[in-house]
Amino acid sequence: MIMKKNLFIIIIAALVLGSCSKDFLETKPTNAVPDDEVFNTVDNVETVINGTWAYMFEEFFTYAVPGYKSIHLTSDAMGSDVAVTTVYGLRDSYAFTEMTDNTKNRVNAFWTILYKVIDNCNNIIARIDNATGDDTKKQRIKGQAYALRANCYLTLASYYQFNRTGTEKAVPIYLEPTSSTSVGKPKSTITQVYQQVIADLQKALPLLKDYERNPAQKWKIDLNVVNGLLARAYLYNHQWTQAISSAVAARNGYPLMSGDDYNKGFNDLNNVEWIWAHGQTPNQSNASYNFHFLDVSTPAAYYQSFMADPYFKNFFDSADARFRLFDWDTLPDQEGYLRYKKFRFRDASALVGDLVLMRSAEMYLIEAEAYTRNGNNAKGAEALNALRTARNAVPYKGGGSLLDSILIERRKELWGEGFALSDIIRTGGTVVRKPFLSYTGEDSIINVIRADGSTLEVAAQGHLTLKQPDGQPFTAYSPYYLFAIPISEVQNNPNLNN
Amino acid sequence: MLQRLLLVLLLFGPIAVFAQTRTVTGRIVSAKDNTPLPGASVLVKGSNTGTVSDPDGNFKLQVNDPAATILVIRFIGMEQQEVPISNSPLNVALRSSGKDLGEVEIVVAYGVAKKSSYTGSVSQIKGDELVNRQVSSVSKALQGLAAGVQSTATSGQPGSDATIRIRGVGSINASADPLYVLDGVPYGGSLNAINPSDIESISVLKDAASSALYGSRGANGVIIITTKKGRKLGTTIDARVSQGFSKRAVKDYEKVSTDQYFEMYWEAIRNAGLTNGLSAATAATQASTNLVRRLGINPYGTAFPQPVGTDGKLVAGAKTLWNDDWNDAMQRTGHRTQADLSISGATEKSRYYISGGYLNDQGIYLGSGFKRYNVRSNVEIDAKKWLKIGLNLGGAHSDQQAPPSEDSRSDNYVNYGRLMSGFYPIYQRDRATGAYLLDAKGDKMFDYGSYRPSAANTNSNLVGTSAIDKHNLSRDDISARIYGEATLWKGLKFKTSYNADYTARNQHEYTNPVYGFDAEVGGTVEKISTRTFSWTFNNILTYEQTFNEKHHLNLLAGQETYKFTNTFTDGQRSGFSLLGLDELSDASLIKDLQGYTDTYNLYSYLGRAEYDYLGKYFLSASVRSDRSSRFAPDHAWGTFWSIGGSWKATEEDFLKGSSWLNLLTLRASYGAQGNDNLGDDSYYNYYPLLNVNSNLGEGGTYRRFLYNKLLKWETNLNLNIGVDYSMFNNRFGGTIEFFQRKSKDLLYSKPLPPSLGYSAIDQNVGALKNTGVEVTLHGVPVKTRNFSWVVDLNMTHYKNKITELPQKEIISGTKKLMVGRSIYDFWIREWAGVDEKTGLPLWYINNADGTKGITNNYSAASQYYNSSSLPDLYGGLTNTFNYKEFSLSFLIAYSLGGKVLDQDYLFLLGTGTAAGRPFATEMQNHWTPENTKTDVPKLTTIQTNWTQTSSRFLYDASYARLKTVNLSYNLPKSLMERAHLNNVQIYLQGENLFTLYKHKGLDPEQSVGGTTYYRYPAIKSLSAGINLSF
C-alpha cells in the first residue's frame, strides 16, 4: 500500500466542496413570501386583502363546498322554496341532516372560511399602521379590512344563533392576530356579535368616505357596501331606524334593474342594481362552481339542484317579470321538476358566472321591513311597491299583513341569493314544505312538451323532505335551522362554553 | 422481436468446435461442516479461465492451456486455496479466513456486514426471490418475505407502488414511509423505475444499530436496494422472457338482477309515499307510474309501460330486452410481456453488469397499463492497486396509462362499471324491441345516457370514451452512482461518491370534446410537469484492522450533503375545436396555470465504530448529525446515535464442538433515529409565510398556515433484542426478535380550534410506542440427493400505543387519538340494528343521564371506539420443493385480525335515494313488515343516513393470499454443456391466484388504516417464461 500525498489533497478538496455554504443551507419557497416583507408597505398589505378575498371565494373544500358563496346556497337549500333534487351536493343540507351534524365537512368548511378571513383581517388591522406608504391608501385598506371582518361576524350571527333575547351565546369573537400561542375564546352573546359587526362597520365608514372604486371591481368594499352591511346588521338586530337610513344610503347610485335584466341569468356584475359582487373569469372560476347547483337550464351544469317548489310559483302573478323564469323541465331525466331559471352560467363553455352579494332590491326590502316593523306601514308599503313596480308585479294595496307580504317578497326577489334560512332564523319563521299533490291526494299531473314536440304527462315534483329528521313537523326556532359549530372547535376549544 | 432473436441464439449459438481440452471436475466444501459452497470461484492460475461452483458445490472446468497446472479456489470469507489440476475429481475443503465461517454477507448502511455477527436487525431478500415475480414495482414484491415489513398493495394499477410500513407507524402526521437507498445512497427517483431483474438484494434495516447511520431519515426503517455487479470471471449473458395474462384477483360485489331491482325500486318509491302521508293505494299507484320515469329507462320495452304493477310485482310477461354488464365491459384480460437481457462478468481488474429490460403490463381495466424500458450499466474498475472507481448508471423510461382508479369521483374507472345498472344499455337500443341501433356504417353506437339519473352517470359512457380520453403519465428516470475508493494505508480507505437521481414526470390528462363528461365544455386538457433532481455527495474514511489476532476494529467517519429540488408546472385548458387534438395549444380557453419550485437539503456528519473480540463479542456504536433545511437554523441540527452488541455463543468453547447447535447469537441494540419529513409540500413550516395567490388580476397573499419556529426533529428510540440460531447442520434455524419503537417529539399537527383561523399548528408534541415480536423460521424438513423441501415462515405481531398527547383526545377522520389507545382504533358511530317496528336504521347514543340509548337520528348518535384496523399477526410462508431439475415454490402472505371499514360497498347499499344505482344482493334482505328481524333497513327514496359510516360496515380484514407460485424446470446439465449454455430454465409463475378472505367483493388488501378508497383491485396473473444463461 502506498501513501499518496495527492490523496490528502483530494480528500481535503472533497471535504471543502462538500461542506456547506450559507447559501446552500438557506432554502426558500417560491409560492409564499415572508410575512415581514408583506406588512412593511401599504402596497404590499393590499395584497392581503386581495389574497384573503380570493381564498374566501375560490377555496374548494369539496366540490359540494366551493367557497364562501356555498353558505348562501346552503341557506336557500334549507328554506321553503327550493326543492333540491337528490343529486350530489346540497342534498343533505336540504334534508336538515348536514348542518346540524358537527362532524360534517360542510360544517367545518363554513366555520373555517369565516374565521380564516377574520384572522387575515385582524392582521391587516393590527399591522397596517406600521407599514410605510400612502396614508389615504392605508385608511382605505384598513376600512376594507374592518368591513370584511364585519361581514364574517354578520354571517356567523345570521346562521349560528337565534336573536330572541340577545343573551343567547353565539360564537367567539377575535380581534387580534392569532399567534402560535393563542388559545380559543369563549362564545360571545348574539348581541355582542352584532355590536361588534356594527362597531367595525362604523369604523369603516369614515375610512372609506372618499374611496371610489373602479366600477368593474364590484368585489371591493366601498361606502355603499358598508352601508348595505350596516342595513342588514341593524335589521337583524332590530334597530329599525338605523336600518332604514343605512339601506337608503347603500342603494344610492344603484337603481333597480329592468325586468329584462332580471331574466339575464344573474351572472354579470355589470348589472346596474348590483352593489357588491364577486367577478369570475375563465382562469378564476372556482366560485362559479356554485352555478352547477344553481343553474337548472344550462346543459353543462352538472347538478342542477335548485329546482323550484311548485307552490313557489303561486306567489307570482303572470305579468311579473320574474314569472317568466318558471319553466317545467323538459330534460328526459328531469321531467316534472319546476325550473326557475334565475341563475345561468354567463359563459357555458367556460363555465363562469359572477356571484351576486348585495343589490338594491334587498335594500328596498330592508327599508320596507324596517319601516313596517317600526309602525310606519305607509312608508313600508311605499318601499315595497317601488320594487314591485320595477318587477311589473301588482303593487301592495293593503289587505293582508304588510309584513308577511314583505317577507314573501324577499323570498320571491332574493330566491337563491342566500336569505332563505337567515330570514327564518331571524324572524322566528318556519320552513314550509308540503307535498305537491292534486286535491285528491294523488300525483299532480302536468303536460311537458319534449324537444321533439311530443307531449308527455308526468307527475309534478315538489319537495321530497317534508319533515324534520326527527319526524316532527317543522317548527319556529327549531334547532335544526342553526348551523352546528364543528366538532374540531368543540374538541379543541376548552373555553368555548365558558 | 427479442424473442425471435433469443430463439436463433438458442438454436445456432451452441454449435462450436472444441479444441483439445482437459476437463477438471470437483466439489468445494466448507472445511468446518463439509457443507457445499455454491458460487466459489475456480480459476486457472495466471489466466482468465474460470468457473464457479453450482448450488451443490460442484464445478466443471475446461482447461485449454496444456501448460496450466494449478487451480485457484476462492470464496468470500474463506482462505484462498491452490490445488494442482488432476484428472480425478478434486475435493477442496476451504477454511475460514477470519473468525467467521462462510457466512451470509448482508448489505447494511455504508457497507456490508456478516449476518451472524451483526448487532443490528436486518432482513435481506435476495434477487432470486424477486426475479420471477410478475410485479412492475419492487415495493410490491416485498410482501410476506421479511418479518416486520407490512406491505399493502392498495392498487392493482400496473406501475403503482405498494405502501410499506416497517414495524408499525411511528409517526402520526409526519411521513411513515421508509427511506429507500439505492446502491448505498438515498434514492430520490421513482420506485417503479427500478427493474426488479437488476436487483441483487434488498436489505430491510429495522432497528437503530442498522439504520442510525442514515439517522436523519431512518426513523421509519430503511430499505436498501443493491443492483447487480459482475462477479464471475468471464462473461455471462442472461436472457429472460415471460408472457402472461391477468384478471381481477377476487370477484366484485354481487348485485341484484334487473327484475329484482325494478321491484325493489318500486318498493322504495312506495315506502317514501307512505312516509309522506299518502294512502297505501295512492302510494302504490304512484310508485307504478313513477318507476320508469325515475329510473329514466324501461328495459321491458314499450309494450310494458308500467313494468311493475300496483302489487309491487313484475307484470306477467314482462321480460328484459337487454341486460348489459358494465363491470365486465370496463374490464379485460390483461397481457403482460417482460424481456430482460443482461451481460455481466469480470476481468482481473474490472467487474461489469450491463442490462436492458422491457416490460409491457396491460391493466385489467380499460385504458390502464404500464410500459417500461430500462437500461443499467454497473462498472467497477481497479484503476490502481490502491484505487477502485465505479459508476452505476440506471435509466428508465415508462409510459403509464393511469385512468382515475381511486376516489369517489364519477369517472373512477373501477367504480364506474360497479355502479352502473345492467338495464342501462352500453350501446343504443331500440326501446321497443331491444335491437341495437346502428349508424350509417352499420356499427353499434355507444349510449351516453342523457336520460339517466345523475347517480347513473348522466351523459357519459366510459366504455366508449376510455378509448379516446387520455390519462397518461410518462416518466424519465436517470440514476447515477459515481464513486472512487482509495486505500491510503493498511486498512485505511477513503471513499468519495457523487450520486444523482433525476426524474421527469409528465402527466397528460385529456377528455374529448364530443362525448362524455366534458363534452359540454368542449373537452379539457391538463398537463402537469414535475421535475425532481436530488444529489448526494459524500466522503467516507474507513479503517479496519485486527490487533494481536484478537481485536478486530472497524471505524468509519464521513460527511454527506444532500440536495433535493422539485419543480412543478401545471396548465389546464378547455374547449377543443376538433376531435383528435389533445395538446394544450389545441384548446381555446386557459383555465389554470401554476408552478413553483421547492428545495430541501441536508448536511450531515457521521461516524461508526465496530469492535469484536475473537469473533465472539461484538460491539458497535454510531452517531450522525444532520442539519435539515426544514427547521429554523437554531433548531436545524439533530443528532442520532446507536449502540449495539452481540454475543456469538457458539464460538465459546463449551458450545464450539456442539453436534447439533451450529449457531447461537444473542444481540441487542438501542438508539435514536430522526424524522424531519412533515410532508411533500411542507418544507418551510418554521417560517412565517403568506401564501401567494391573486384575485381577478391583482396580486394577493394571505396567511394560510401558522408557523412554528421551534420545530425540530422527531426522534424514534428503538430497542431491539434478538436471537439467531441454527441447528442440525443448519437444517433448522431462525431469528426471534423483540422490538420497541418509541417516538418522541412527534412532528404533529396539533389541532387548534378553527376559530383561531387555523385548524392546526405543527409542533413537536406527543409520543407513540410500537412494541412487537418478529419470528423468522427456516427449515429443511426433507433433504435427499434428489429431493429437498425448504420452509420459510415469518410472523410479526405488534401493538401500537399512544403514550402522550397535547390534549385529552383528538379525533382524526374515522379514528380518535387518546393516550393508552392506538392510532388504529376506529372511533365511529355504533350500529344498533334496524328498528323492527319502522324498518329504520338505529345507532347508539349516550343519553344525558349516562346510559346508552338508541336513536334513528344519525347526526345525534354518539361515536364509540369500535375495534382496530391493526392485524394481530401478519407475515408470509414460503415452501420450496426441489426435485432433480424441478423446483416448485409458493408464498402465502397472510394478515390475521383487524377490521376494515368498507366504504366502497356503501355505494351499493343505498335504500333507493340514488335512482338507478345498483343494489347489492344483501339489500334483498331489507326490512318489510314481514321481515322485521334483519340488519338492512327498509327501502325508501327518503334519506335515512344508514350508509353513513358506522360499525355496521366494519368487516374482518383477515386474509391469506397465495401471493406467488413458481414452478420451474432447469434443462439437464448434459444438454447445457453441448449447447454452451450455463443454464436454461423454463417456468410458470402465478400471482395472487387464490385468496382466502371473509368479506366478499372487497379486495382484502386495503390501507394499513383500514379504510377503503374505491381503488383498483389486486390482479391475479399467470405467466410462462424462459431464462437462458450462457
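Note that the structure is a prediction, hence the values are computed from the model and not measured. Along each chain, the written sequence defines residue order, and numbers are assigned to residues from 1. Chain letters start at A and ligand numbers start at 1, both assigned in the order the entries are written. Local features in this predicted model are restricted to residues whose pLDDT is 70 or higher, and side-chain atom pairs enter the listing and the counts only when it is 80 or higher, whereas totals over whole chains, interfaces and linings include all residues.

1. Brief notes about the overall build of chain A
Labels follow the DSSP assignment, with helices taken as runs of H or I lasting at least four residues and strands as runs of E lasting at least two, numbered in each case from the N terminus. Check the secondary structure of chain A and you find 19 helices and 11 strands. For chain A, the C-alpha atoms occupy an extent of roughly 110 × 55 × 45 Å along the three principal directions. Buried residues in chain A amount to 54% of all 498 residues. Placing C-beta atoms from the backbone, we regard two residues as in contact once those atoms come within 7 Å. Within chain A, counting contacts between residues at least 6 apart in sequence, those at least 24 apart form 69% of the total. Residues with at least 20 other C-beta atoms within 10 Å of their own are called buried, those with 12 or fewer are called exposed, and the rest are partly exposed. The C-beta atoms themselves are positioned from the backbone.

2. Description of the overall build of chain B
The helix and strand inventory of chain B stands at 10 helices and 51 strands. The C-alpha atoms of chain B give a radius of gyration of 32 Å, which matches the 31 Å a tight globule of 1030 residues would have. If one aligns the C-alpha atoms of chain B with their principal axes, the spans along those axes are about 105 × 70 × 65 Å. Here chain B, with 1030 residues, has 50% of them falling under the buried criterion. Radius of gyration: C-alpha atoms only; globule rule: 2.2 Å multiplied by the number of residues to the exponent 0.38.

3. As for the confidence of the model for chain B
Residue and element names in this part refer to chain B. Note: pLDDT gives the predictor's confidence per residue, expressed from 0 to 100. Residues at a pLDDT of 70 or more form 97% of chain B, whose mean pLDDT is 89. Counting interchain partners and residues more than four positions distant, the pLDDT-below-50 stretch residues 1-19 has 15 contacts. Note that pLDDT drops below 50 for residues 98-102; the model gives that stretch 16 contacts with residues more than four away or on any other chain. Prediction confidence for the complex, expressed as pTM and ipTM, is 0.85 and 0.92 respectively.

4. Describing the environment of B:Thr511
Residue and element names in this part refer to chain B. By the element assignment, Thr-511 lies in strand β23 (residues 492-511). Thr-511 gets classed as buried once you count the C-beta atoms within 10 Å, which come to 24. Expressed as a C-alpha distance, the spacing of Thr-511 and Asn-412, which sit 99 residues apart in the sequence, is 13 Å. Beyond its immediate sequence surroundings of up to four residues, Thr-511 is in contact with Asp-469, Gly-516, Phe-517, Asp-518, Gly-523 and Thr-524.

5. Digging into the sheet that holds strand β42 (residues 841-846) of chain B
All names here are of chain B. Any two strands with at least two DSSP-identified bridges between them are counted as paired. The strand order β41-β42-β43 describes an open sheet built from 3 strands, whose pairing is antiparallel. Of all strands in the sheet, those bounded by a partner on one side alone are β41 (831-834) and β43 (852-855). When strand polarity is set aside, the average angle formed by the axes of neighbouring strands in this sheet is 35°. Across 4 bridges, β42 lies against β43 in antiparallel orientation. Residue pairing in the sheet places Ile-845 in a bridge with Gly-853 of β43. The axes are straight lines fitted to the C-alpha atoms, using for helices just the contacting stretch, and the angles between their N-to-C directions are given from 0 to 180°.

6. What about the pairing of strand β15 (residues 199-205) of chain B?
Residues and elements named next belong to chain B. A large share of β15 lies buried, amounting to 6 of its 7 residues. Pairing of strand β10 (residues 122-126) with β15 involves 5 bridges; the strand directions are antiparallel. Each residue of the ladder has a partner; that of Lys-126, found in β15, is Ser-201. Direction of pairing for β15 relative to strand β16 (residues 222-227): antiparallel, over a ladder of 6 bridges. Bridge pairing in β16 places Ser-201 opposite Thr-226.

7. Quick notes on the sheet that holds strand β31 (residues 698-702) of chain B
Read across the open sheet, the 3 strands follow the order β1(A)-β30(B)-β31(B); overall the sheet is antiparallel. Where the open sheet ends on each side, the last strands, each with one partner, are β1 (32-34) of chain A together with β31 of chain B. With direction set aside, neighbouring strand axes in the sheet form an average angle of 40°. With 3 bridges joining them, β1(A) and strand β30 (residues 689-695) of chain B adopt antiparallel strand pairing. Considered in β30(B), the bridge of A:Pro34 is made with B:Leu689. Where helix α4 (residues 42-58) of chain A meets the sheet, it contacts β30 and β31 of chain B, and its direction lies at approximately 80° from that of β31(B).

8. Topic: the interface of chain B and chain A
Of the residues lining the interface, 84 residues belong to chain B; the matching set on chain A comes to 81 residues. With 11 residues, the single largest contributor to the side of chain B that touches chain A is strand β26 (residues 587-613) of chain B. Residues that form the side of chain B that touches chain A fall into these classes: 36 nonpolar, 37 polar and 11 charged. In this classification, Asp, Glu, Lys and Arg are treated as charged, Ala, Val, Leu, Ile, Met, Phe, Trp, Tyr, Cys and Pro as nonpolar, and every other residue, Gly included, as polar.

9. Concerning the environment of A:His72
Relative to the elements of secondary structure, A:His72 occurs in helix α5 (residues 69-77). Excluding residues that lie within four positions of it along the chain, A:His72 makes contacts with A:Glu417 and A:Gly418.

10. Observations concerning the packing of helix α10 (residues 223-236) of chain A against helix α15 (residues 360-373) of chain A
Residues and elements named next belong to chain A. Contact geometry for α10 and α15: axes closest at 10 Å, N-to-C directions at 30°. When the axis of α10 is compared with that of α15, the two are roughly parallel. As for the relative orientation of α10 and α15, their crossing is left-handed in sense. Mapping the contact onto sequence places Gly-228, Ala-231, Arg-232 and Leu-235 in α10 and Met-363, Ile-366, Glu-369 and Ala-370 in α15. Split into classes, the residues belonging to the contact of α10 with α15 amount to 5 nonpolar, 1 polar and 2 charged. Note on terminology: angles under 35 degrees are roughly parallel, angles over 145 are roughly antiparallel, angles of 65 to 115 are roughly perpendicular, and the others are oblique. Note on convention: near helix rotated counterclockwise from far helix by under a right angle means a left-handed crossing. Clockwise means right-handed.

11. A look at helix α9 (residues 190-207) of chain A
The length a helix should cover is 1.5 Å for every residue beyond the first. Its 18 residues place the ends of α9(A) 26 Å apart at the C-alpha level, agreeing with the 26 Å of an ideal helix rising 1.5 Å per residue. Where the residues of α9(A) are buried, they touch α8 (135-160), β3 (169-172), β4 (187-189) and α10 of chain A.

12. Some details on the pairing of strand β5 (residues 274-278) of chain A
Residue and element names in this part refer to chain A. Summarising burial for β5: 5 of the 5 residues are buried, a large majority. Relative to strand β9 (residues 355-359), β5 runs antiparallel, the two sharing 4 bridges. Pairing of Trp-276 across the sheet is with Met-358, part of β9.

13. Looking at the packing of α10(A) against helix α11 (residues 240-251) of chain A
Residues and elements named next belong to chain A. α11 packs onto α10 with a crossing angle of 155° between their chain directions and a minimal axis gap of 7 Å. Considered as vectors, α10 and α11 are oriented roughly antiparallel to each other. The crossing of α10 and α11 is left-handed. Across the interface between the two elements, Asn-224, Asn-227, Gly-228, Leu-230, Ala-231, Tyr-234 and Leu-235 of α10 pack against Gln-242, Ala-243, Ser-246, Ala-247, Ala-249 and Ala-250 of α11. Residue classes in the contact of α10 with α11 are distributed as 8 nonpolar, 5 polar and no charged.

14. Here we look at unusual backbone geometry
Non-glycine residue A:His238 carries a positive phi angle of around 60°. Backbone geometry at B:Asn457 places phi at a positive 55°, although glycine is not the residue there. Here B:Asn457 shows up in the loop between α7 (413-418) and α8 (462-465).

15. Some remarks on the environment of A:Ala157
Residues and elements named next belong to chain A. Mapping Ala-157 onto the fold places it in helix α8. Taking the C-beta count within 10 Å as the criterion, Ala-157 has 27 such neighbours and is therefore assigned buried. With 157 residues separating them in the primary sequence, Ala-157 and Asn-314 have C-alpha atoms 32 Å apart. With sequence-adjacent residues up to four places away left out, Ala-157 is seen in contact with Ala-170, Ile-190, Val-193, Tyr-194, Val-197 and Tyr-236.

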